[in-house]
Amino acid sequence: MSPPQMQRSVPEVLGDIITNFAQIVRAEIRLARTEMKEEAAKAVRPSATLGAGVALGLYGLGFLLLAAVYALTMVMAAWLAALIVGVVLAIVGLALASTGRKKLKSVHLTPDKTIRSLEENVQWAKQQIK
């Protein structure tokens, strides 16, 4: 003879489902945090290097532009030379800003693994309720 099976009530089953779902959600939140921390940690050193390179590049560009203005003052008035260099810089800057803006629109910072896992958990919970 086998032992009698215990029948669980609907509230007990629903309580277990809710408890399990809450644990799953907490685990998914921990996963999302971990995923974001890992990605942020990967970006620290390259970001610092990039920042230093940009700063030095800007100083170098400034001196090159100053040299261009000085060179143009040999053939025209200083104010006109500075104006020409300024206008060219503004046009190039607008073009670069526009290109960068377009490329940034394609970047998404969503934690894809966490979203997929949450979707799977929602499907699981729906199946448990049926």
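Residues numbered from 1 in each chain as written. Predicted model: local features only at pLDDT ≥ 70, side-chain atom pairs only at ≥ 80, totals over all residues. Heavy atoms only, no water.

### Details of the overall build of the protein
The number of helices and strands found in the protein is three helices and zero strands. On C-alpha atoms alone, the protein measures out to a radius of gyration of 30 Å, which is more than a quarter above the 14 Å that the 2.2 N^0.38 rule sets for 130 residues. Based on the C-alpha atoms only, the size of the protein along its principal axes is roughly 110 × 25 × 20 Å. Counting all 130 residues of the protein, 8% fall into the buried class. Across the protein, the fraction of contacts at a sequence separation of at least 24, relative to all contacts at a separation of at least 6, is 66%. For the protein, the exposed surface amounts to about 11,000 Å²; the carbon and sulfur share of it is 69%. Charge separation in the protein, taken as the distance between the mean sites of 15 positive and 9 negative side-chain charges, equals 10 Å. (Helix = DSSP H or I, 4+ residues; strand = E, 2+ residues; numbered from the N terminus. Rg over C-alpha atoms; globule rule 2.2 N^0.38 Å. Buried < 20%, exposed > 50% of the residue type's maximum accessible area, 1.4 Å probe, protein only. Contact = heavy atoms within 4.5 Å. Areas by Shrake-Rupley, 256 points an atom, 1.4 Å probe, with all protein chains shown as cover. Lys, Arg positive; Asp, Glu negative; His and termini not counted. Charge placed at Lys NZ, Arg CZ, Asp CG, Glu CD.)

### Observations regarding helix H3 (residues 112-129)
End to end, H3 covers 26 Å across 18 residues, agreeing with the expected 26 Å (1.5 Å per residue, within 8%). Of the residues making up H3, those classed as buried are Thr114, Ser117, Asn121 and Ala125. Here the buried residues of H3 occupy an arc of 80° about the axis, which is enough to place them on one side. Exposed residues pointing more than 90 degrees away from the buried face of H3 are listed as Glu120 and Gln127. Buried residues along H3 sit against helix H1 (10-72). (Expected span 1.5 Å × (residues − 1). Arc of directions from axis to C-beta.)

### Considerations on the side chain of Glu28
The residue Glu28 is located in helix H1 in this model. Excluding anything up to four places from it in sequence, Glu28 contacts Thr114, Ser117, Leu118 and Asn121.

### Quick look at the confidence of the model for the protein
Scored by pLDDT, the protein has a mean of 86; 95% of the residues are at 70 or more. Averaged pLDDT values for the elements of the protein fall to 79 in H3 and rise to 92 in helix H2 (residues 78-104). (pLDDT = per-residue confidence, 0-100.)

### What to know about a nonpolar patch on the surface
The grouping of Leu50, Val54, Leu58, Leu61 and Leu89 at the surface amounts to a nonpolar patch, some 460 Å² of accessible area in total. Here the nonpolar patch takes four residues from H1, the largest share from any one element. Within the secondary structure, Val54 is located in helix H1. (Patch = residues over 30% accessible without salt bridge, like charges linked within 9 Å, V, L, I, M, F, W, Y side chains within 5 Å. Salt bridge = Lys/Arg side-chain N within 4 Å of Asp/Glu carboxyl O.)

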